[in-house]
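Coordinates in review
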Amino acid sequence: MKFRLDNWSREDSRCFDELAELLSMERAEDGIPLRLEAADYPGCYMQEGKAVITYSSRHQIWRELGLLCEKLEMQDCFACREEPAYQDLGVMLDCSRNGVLTVEAVKDFTRYLALMGYSSVQLYTEDTYKIERQPYFGYQRGAYSREEFREMDSYTSLFGIELIPCIQTLAHLECMLRWKEYDGIRDIDNILLADEEKTYDFIREMFRQMAGNLKSRRINIGMDEAHMLGLGAHLDRYGYENRMDIMLRHYRRVAEIAESFGYQPMMWSDMFFRLATHGEYYTEEELQIDPGVGAALSDDITLIYWDYYTLEEEKYHKMFSSHKKITDRIAFAGGAWKWEGPCPNSWYSRAVALPAHKSCRENGISQVMITAWGDNGDECPLYSVLPAFSQWAELCYTDCCDDSHMEQRFRTCTGASYQAFLHLGDAAVMPDNPPPGRCGVNPVRYLLYQDLLGGLFDAHVDYEQKEYLENCARLMEEYKESAPDKWKYLFETQEAIDRLLAGKCMLGVEIRKAYLEGKKEELPACKEQITVLLELLETVIKDVQIQWCRENKIYGLDILQQQLGGLKQRMLFACDRLDGYAKGRYDALEELEEEPLPYYGRETEGKAVVSPSWSRIVSAGNH
């Protein structure tokens, strides 16, 4: 499609060129005349052979440009106006759970966010940014340099998208605090030592570094999930103290530092709830908050209510009501589920978005961000959760997310099929746990990593799952064939994983059955099945490596390779054990003689269950 850009600035024209390939468009003197006009609302219009894009904020231009191209495929005269539900629709991309996105990946992802209409990006960096004169901070973690931050900042701001620093100033600093260098500012576990001046000297350096890295003067200061606050070195030094008091004192010190650098901070809200309820965040009823908590907060702090789990709209209402007892400055964070294993939980992401959005609108929330956490090693590719980002964008701008609407918009923004991308998450659900599934249930990680001879999840598998996973693999193969070249690797990797899971799912059960029934003659066939699985595992290892390097710096891949390599070694050893027993070299296979127990107890609901972390899957003796 050809356009003649009338009244476009050099910067706007460059953005057009950056998006040209994605939208199959080009600049031409004989193209459709296209003007940009500032207005109260974003929109796109085509009348009498001339096109106009309107916008109230610059980041909206690129969404309307995509919408214009989409509509021109079907109509030559139209008027489209949109009314965004939120002033700020952002994303938070996890760059701390081993996967640190490359600068090029951030730029590439920015183009898709621009076409969807996003206004801000946060890169979640615990210790993955360099601080001058702090060589252990971010050591061997792929930490971003100042030059890298500035390059990303320049690119996102080109599209009118604000790159907001997102750090931790209390907890979640385990990778930093592993080093003896920081013993003096460690309270316990991954938590900084509150009320220690050296702690605030260090936090000041965090802010100083970020102030020089990025133009934005909004900042996410973290402070979530500090469950053991005040119970380590702080307890030894000062004795037991009301932990809400510790939290508020620490917050005030950090807020003062933020203000000194001209920052308007935001922070996760959960600790104010957990300390008031003895650990609970998502309360069934409105929380009775001490008025002193709200009074202690600075006027410019925004509390982020984060909820990736709730399916009932009314529960969101109650949580917003509880937050409003602390402050009126509330943001909401939803989730693009990519933190439970090698495949996304796309169906759950889709299910929770609509009730959350409805409640945000009803409660007057103007700032929303969608998080893409990478807990437990960032096994799942970022691009696989594009449907979640697309859905929230459509809810924001159109209040609509039905399948036909989403298919059209997703194809415009990504060139791919919305349904195909959703099905990347099929292995996350199971026959006894159909979409959207029970909250947090994603069996892929434990089916992949559990041991063949001493599988801790053998009580949670059956042949129906095996057949289902075989069908998932076939579907991934079909989608791979029809996917644009850029996206084929996602389906190829998921197909390889699904085939490995299907083959591995019941094999441990079959080996144990043959052994306990004394059928030694069946064990060589089991060994041959493992040999086939080893070939599939080699494919998975290769595909995962390719997938990782498309998105992330090399740091962190070592963990995935060690986990998959450990699985390979255990499968090779299983072959040796079966062969040795069949040939009389081993008198018994003791690991097969214990009855498989339900992982979460005998009253576990259904077969499919929540996957714990890798270390709790591979062995009952791991610690």
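About the cut-offs
- Along each chain, residues carry numbers from 1 onward, in the same order as the chain's sequence is written.
- Note on the predicted model: pLDDT of at least 70 is required for a residue's local features to be given, and 80 or more for side-chain atom pairs to be given and counted; whole-chain, interface and lining totals, by contrast, use all residues.
- Derived side-chain values reflect all non-hydrogen atoms in the structure, with water molecules and hydrogen atoms excluded from consideration.
- UniProt positions are given in the numbering used here, feature names are shortened, and annotations may be inferred rather than shown by experiment.
- For helices the rule is a DSSP run of H or I covering at least 4 residues; for strands it is a run of E covering at least 2, with both sets numbered from the N terminus onward.
- Between buried and exposed lies partly exposed: a residue is buried under 20% and exposed over 50% of the maximum accessible area for its type, with that area taken using a 1.4 Å probe on protein chains only.
- Where each domain begins and ends follows an automated or database-derived domain assignment.
- Contact criterion: two residues are considered in contact whenever any of their non-hydrogen atoms come within 4.5 Å of each other.
- The term buried area denotes the loss of accessible surface (1.4 Å probe radius) that occurs when two parts are joined, taken as the sum for both partners.
- A helix is expected to span 1.5 Å multiplied by its residue count minus one.
- Note: the arc covers the axis-to-C-beta directions of the helix.

Examining the UniProt feature "domain: Glycoside hydrolase family 20 catalytic" (unreviewed entry) in the protein chain
The feature "domain: Glycoside hydrolase family 20 catalytic" (unreviewed entry), as given by UniProt, occupies residues 139-276 in the numbering adopted here. Here residues 139-276 runs as 47% helix and 13% strand, with 36 Å between its end C-alpha atoms.

A few points about the environment of Glu-259
Position of Glu-259 among the secondary structure elements: in helix H8 (residues 243-260). The exposure class of Glu-259 is exposed, given its relative accessible area of 58%. Distance in space between the C-alpha atoms of Glu-259 and Asp-300 is 9.4 Å, their sequence separation being 41 residues.

A closer look at the domain arrangement of the protein chain
When the parts come together, some accessible area is lost, and that loss is often what is quoted as the size of the interface. For the protein chain, the assigned domains read domain 1 (2-81), domain 2 (88-404) and domain 3 (426-616). Between the C-alpha centres of domain 1 and domain 2 there is a distance of 34 Å. Counting from both sides, the interface comprises 14 residues of domain 1 and, opposite them, 18 residues of domain 2. Approximately 1,400 Å² of surface area, both sides summed, lies buried where domain 1 meets domain 2, with 63% of it carried by carbon and sulfur atoms. Together, Leu-22, His-59 and Arg-63 form the three largest contributors to the area buried by domain 1 at its contact with domain 2, with a combined 47%.

So, helix H17 (residues 463-482)
Its 20 residues place the ends of H17 30 Å apart at the C-alpha level, agreeing with the 28 Å of an ideal helix rising 1.5 Å per residue. Along H17, the residues that are buried comprise Gln-465, Leu-469, Cys-472, Ala-473, Met-476, Tyr-479 and Lys-480. The buried residues of H17 occupy one face: seen down the axis, they fall within an arc of 130 degrees. Residues Glu-464, Glu-478, Glu-481 and Ser-482 are exposed on H17 and point more than 90 degrees away from its buried face. Looking at the buried side of H17, the elements it contacts are helix H15 (418-422), helix H16 (444-449) and helix H18 (488-504).

Notes on unusual backbone geometry
For the bond running from Pro-435 to Pro-436, omega is 0 degrees, close enough to zero to count as cis. Its place among the elements puts Pro-436 in the loop between H15 and H16. Its identity as a non-glycine residue notwithstanding, Ser-24 has a phi of 50 degrees, on the positive side. Mapped onto the secondary structure, Ser-24 falls in the loop between helix H1 (10-23) and strand E2 (26-27). Overall, the relative accessible area of 56% leaves Ser-24 in the exposed class. The phi dihedral of Asp-189 falls on the positive side, at around 50 degrees, and the residue is not glycine.

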